[in-house]
Amino acid sequence: MKSAVETLEPTKVKLTVEVTYDELKPSIDHAYEHIAQDVVVPGFRKGKVPPRIIDQRVGRPAVLEHAINEGLSGFYAEAVRENKLRPLGQPEVEVTKVPGLTPAPAGEEGELHFTAEVEVRPEITVPALDGIAVTVDDVEVSDEDVAARLDALRERFGTLVGVDRPAAEGDFVVIDLTATIGDEQVDNVSGVSYQIGSGNMLEGLDEALTGLSAGESTTFETALAGGDHAGETAQVNVTATTVKERQLPDADDDFAQLASEFDTLEELTDDLRTQASSIKASNQAVQARDLLLEQLLAGTEIPVPAGVVETEVHRHLEGEGRLEDDEHRAEVGEQATTALRNQILLDTLAEQLEIKVSQNELLDYLVNASRQYGMDPNTFIQTIDQQGQIPTMVAEVARSKALAVALRRVAVTDGSGNAVDLSEFIGSDAEDAAEAADAAEAAAAAAAPSDAASDIAAFDVYDDEVETAEDTKA
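Residues numbered from 1 in each chain as written. Predicted model: local features only at pLDDT ≥ 70, side-chain atom pairs only at ≥ 80, totals over all residues. Heavy atoms only, no water.

Visitor: How should the sheet that holds strand β2 (residues 12–19) be read in this particular structure?
Guide: Sheets are built from strands that pair by backbone hydrogen bonding, the pairs being arranged parallel or antiparallel. Pairing is antiparallel in the open sheet, where 4 strands are placed in the order β1-β2-β4-β3. Either end of the sheet is taken by a strand with one partner, and the two such strands are β1 (2–9) and β3 (92–97). Neighbour-to-neighbour, the strand axes of this sheet turn through a mean angle of 20 degrees, independent of strand direction. Judged from the 5 bridges that link them, β3 and strand β4 (residues 112–119) form a sheet pairing that is antiparallel. Looking at β4, one finds that Glu92 is bridged to Glu117. (Pairing = 2+ DSSP bridges. Helix = DSSP H or I, 4+ residues; strand = E, 2+ residues; numbered from the N terminus. Axes fitted to C-alpha atoms, helices over the stretch in contact; angles between N-to-C directions.)

Visitor: Explanation requested: the domain arrangement of the protein in the structure shown.
Guide: Where interface size is quoted, it is often the accessible area lost as the parts come together. One can read the domain layout of the protein as domain 1 (2–119), domain 2 (159–247) and domain 3 (302–344). The straight-line distance from the C-alpha centre of domain 1 to that of domain 3 is 34 Å. Interface area for domain 1 against domain 3, summed over the two sides, is near 470 Å², with a carbon-plus-sulfur share of 72%. The largest share of the area that domain 1 buries against domain 3 comes from Thr11, Leu88 and Glu119, three residues that together contribute 90% of it. Scanning the region where domain 1 abuts domain 3 turns up 0 salt bridges. (Domains from an automatic or database assignment. Buried area = accessible area lost by both parts, 1.4 Å probe. Salt bridge = Lys/Arg side-chain N within 4 Å of Asp/Glu carboxyl O.)

Visitor: Sorry if this is basic, but what is going on with the pairing of strand β8 (residues 184–195) here?
Guide: On a regular strand, one side chain projects to one face of the sheet and the next to the other, so that they alternate. In terms of strand pairing, strand β7 (residues 172–181) meets β8 through 9 bridges, oriented antiparallel. By the bridge assignment, Leu177 is partnered in β8 with Val189. Two successive antiparallel strands, β7 and β8, enclose a turn made up of 2 residues, where Gly182 displays a positive phi of approximately 65 degrees.

Visitor: Please clarify how unusual backbone geometry should be interpreted in this entry.
Guide: Most peptide bonds take the trans form, and the phi angle of most residues other than glycine is negative. Of note in the backbone geometry, Lys84 takes a positive phi value of approximately 55 degrees without being a glycine. Relative to the helices and strands, Lys84 is located in the loop between α3 (60–82) and β3. With phi around 55 degrees, Glu354 is a residue other than glycine that occupies positive phi space. Looking at where Glu354 falls in the secondary structure, it is placed in the loop between α9 (326–352) and α10 (359–372). Taking relative accessible area as the criterion, Glu354 reaches 64% and is therefore assigned exposed. (Buried < 20%, exposed > 50% of the residue type's maximum accessible area, 1.4 Å probe, protein only.)

Here it is, written out as structure tokens:
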């Protein structure tokens, strides 16, 4: 098979592919077998109709169409691999020559020719990591930080008590709510408990409830958040039937024994201080990651495939039923463009750093993802596998790992100028080397017969998909 690439734009190429008759013949043979299962010809058993009879009854063009439709995706994928392309979208394919149906020079009568225009990942230059430095916040735990964590713990053991006063921020109010548009009542709820200040229902509800006593009502105007009239402006009448405040237990030794494994409040607060310090150290890692990504993006020119963005925007808006919402389209388009720029950058970075994803790393990612969806891990992994999404998951892990490995190559300091050790959160090269050695040992063990052969084979599959994730995505 011959193939050639023509660059149309920085993010778009045109593949020209020529397939010999010998390469197409397996698809033609399969087409005859498939058609023979469906066609009924007197004197021949089903599935045993010879090709010459099929040509007479069905027609050679129909056979070739079946063969081309079956083989085209494979020929396209092979051409993509040969030319080391990284497609980001679906190709626009045009068949320009069909064997035996179009005039051709002598010796080329049996060839299939087609072109495929497809948007691809652009070639970009990522800034040198050894020239980058990021500065993160100091890890300073104040008494206020500890007090806030103690109050949060006390709230978990607090009780709601009715009060005879106007509602204020933080209070819990049981409400009845009715929404009308014009003269039509479009929604109503009754007996719902709502905490003022949470902001998780309707815009303007916090302000409307503040100052209301039990039994009082008010009306305000707002855009509805859900239902058939989502986004439409409605008049909302809300009644506060009950106002309650949360009373917290005293912070003393008794509370420490109730809420923790500690006997004294001092021991509990010391532990809370340690927790706050650990969280702030973790936040340093997140901050460093974000700052590094920001610098890499700022120092890299990344052309974005417009067609890929438009496809994602259309899919998103169609799912929301908002295809005609131009304002939302612009917002989603900006988000999609940003996400795609990040993906292009991190995929390139992963290649440059020669990132490999181990089976354990992939499984950890899938298990964590299953928890986010509230699914059993085994069920989630089986579903992802059946949908052909494992390569996509591998690519996600590789991007995250690439950023972590890149962080090891840059200088990270805190606001006081001290070097920051993030190895607890981003790992180390030594750990990666040890894991690679374990993987190599497992692969060697796979060569010998054992009861665990199927498990080792599964590792090999995932390892292959790490290296061909982008090809598979194509």
